[in-house]
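Residue strings, one per chain:
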Amino acid sequence: MEIKTVNNYRELSEKAAAIVAGELNRRPDSVLGLATGSTPEGMYAQLVKMYNKKEIDFNDVVTFNLDEYAGLSPEHPQSYHFYMYSNFFDHINIKPGNIHIPYCGDQDLDLACKEYDQKIKDAGGINLQILGLGVNGHIGFNEPCEYLYTDTHLVDLTAETIEANSRFFSSREEVPRQAVTMGVASIMHAEKILLMAAGENKARAVQLMCCGRITTSLPASLLQLHRNIVLIVDREAAALL
Ligand code: GLP
């Protein structure tokens, strides 16, 4: 793991965006794995700025998002569909057909999950996977559990995640109890991973992810096995390293 410690959130966002831009300039038809949550918001804003300055182009880029809540329509302001379009896709020249976000509608969910994994394979796998980190060490919505799923699947969210994400909803009760997430195989098969963590509430998870045992009770610890991972952390998140 290459760990880059930065002074603040602005630096974290700029550094992350520079890594993504480097990847796009090297390979304009990159397949990006994308994350949501508050951590990557600054990176997306930075990428939009770079796009407006014509420093990067998304015409041939393909994206796969990590996860989506079950039971929220794409128009719901807290859905990850809504997040991705309002923070990023609406502001760049990505082709609509190149955008992929797990779907949690009323279709056959098992089939939809299998199709999602197949599309990732058909695209040649993920070149650069962006990750955030849950306070409980989850990646995507792969929650601490006795076992981890390799493939895209429906997951029950833990009480900790529901609590952490309730800040985006008007009450804890409104937070969906389930989500669809990419499994750990698609993440681990990515050529390169860029994980961002900011704030003191992530310090313990960062410490365990980097220095603890590899365990399914902290899914991010699996990333110790990845050969090409960059971790960008601000001072608060790096406090226990
Ligand atoms: C969310 C998402 C993750 C995200 C993480 C941290 O629940 N499912 O993909 O990385 O939790 O979110 P945040 O960046 O808001 O702390």
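In this report, we go over the structure that sits alongside the text. (Residues numbered from 1 in each chain as written. Predicted model: local features only at pLDDT ≥ 70, side-chain atom pairs only at ≥ 80, totals over all residues. Heavy atoms only, no water.)

## Structural notes on the pattern of salt bridges
Then comes step 1: One pass over the structure, following the stated rule, counts seven salt bridges.
Then comes step 2: With its nearest N and O atoms 3.7 Å apart, the salt bridge here joins Lys95 to Asp60. Within this pair, whereas Lys95 is found in the loop between α3 (80-87) and β5 (99-100), its partner Asp60 is found in the loop between α2 (41-52) and β3 (62-65), the two being separated by 35 residues in sequence.
Then comes step 3: You can call Lys95 partly exposed: its relative accessible area is 37%.
Then comes step 4: The network of salt bridges with shared partners includes Glu23, Arg26, Arg27 and Glu191. (Salt bridge = Lys/Arg side-chain N within 4 Å of Asp/Glu carboxyl O. Helix = DSSP H or I, 4+ residues; strand = E, 2+ residues; numbered from the N terminus. Buried < 20%, exposed > 50% of the residue type's maximum accessible area, 1.4 Å probe, protein only.)

## Some points on the pairing of strand β6 (residues 128-131)
Then comes step 1: Residues of β6 alternate between two faces, with Leu128 and Ile130 on one and Gln129 and Leu131 on the opposite face, all of them buried.
Then comes step 2: Note: strand β2 (residues 31-34) against β6, two bridges, orientation parallel. Among the inter-strand pairings, Leu32 is bridged to a residue of β6, identified as Leu128.
Then comes step 3: Relative to strand β9 (residues 192-197), β6 runs parallel, the two sharing four bridges. Across the sheet, Leu131 pairs through a bridge with Leu195, a residue of β9. (Pairing = 2+ DSSP bridges.)

## Observations regarding the site of the ligand
Then comes step 1: Neighbouring the ligand are 13 residues; Ser38, Thr39, Asn165, Arg167 and Lys202 lie closest to it.
Then comes step 2: Within the backbone of Gly140, an N or O atom sits 3.2 Å from a nitrogen atom of the ligand.
Then comes step 3: In the shell around the ligand, the residues fall into three nonpolar, seven polar and three charged. (Near = heavy atom within 4 Å. Polar contact = N/O pair within 3.5 Å; in protein donor to acceptor, adjacent residues only side chain to side chain. Nonpolar A, V, L, I, M, F, W, Y, C, P; charged D, E, K, R; others polar.)

## Focus on the sheet that holds β2
Then comes step 1: If you trace the seven strands from one edge of the open sheet to the other, you get β1-β10-β9-β6-β2-β3-β5, paired in parallel fashion. The open sheet terminates on both sides in strands that have one partner only, identified here as β1 (2-6) and β5.
Then comes step 2: Pairing between β9 and strand β10 (residues 229-234): five bridges, direction parallel. Along β10, the bridge assignment pairs Met196 with Ile232.
Then comes step 3: Helix-sheet contacts for helix α4 (residues 109-122) involve β3 and β5, and the interaxial angle to β3 is about 145°.
Then comes step 4: Sheet contacts for helix α7 (residues 203-211): β1, β9 and β10; angle to β10, the most-contacted strand, approximately 155°. (Contact = heavy atoms within 4.5 Å. Axes fitted to C-alpha atoms, helices over the stretch in contact; angles between N-to-C directions.)

## Comments concerning the sheet that holds strand β8 (residues 178-181)
Each strand in a sheet pairs with another by means of backbone hydrogen bonds, the pair being arranged parallel or else antiparallel.
Then comes step 1: With antiparallel pairing, three strands are arranged side by side in an open sheet as β4-β8-β7. Of all the strands in the sheet, the pair left with one neighbour each is β4 (67-69) and β7 (153-156). Taking each pair of neighbouring strands and ignoring which way they run, the sheet shows an average axis angle of 25°.
Then comes step 2: Bridge count for β7 against β8 is four bridges, and the pairing is antiparallel. If you follow His153 over to β8, its bridge partner there is Thr181.

## Things to note about α7
Then comes step 1: Within the span of α7, buried status applies to Ala203, Ala205, Val206, Met209 and Cys210. End-on, the buried residues of α7 take up no more than an arc of 160°, which puts them together on one face. (Arc of directions from axis to C-beta.)

## So, the environment of Ile232
Then comes step 1: Mapped onto the elements, Ile232 comes out in strand β10.
Then comes step 2: Sequence separation between Ile232 and Gly33 is 199 residues, and the spatial gap between their C-alpha atoms is 17 Å.
Then comes step 3: When sequence neighbours within four positions are dropped, the list of residues in contact with Ile232 reads Lys4, Val6, Leu12, Lys15, Ala16, Ile19, Leu194, Leu195, Met196 and Ala197.

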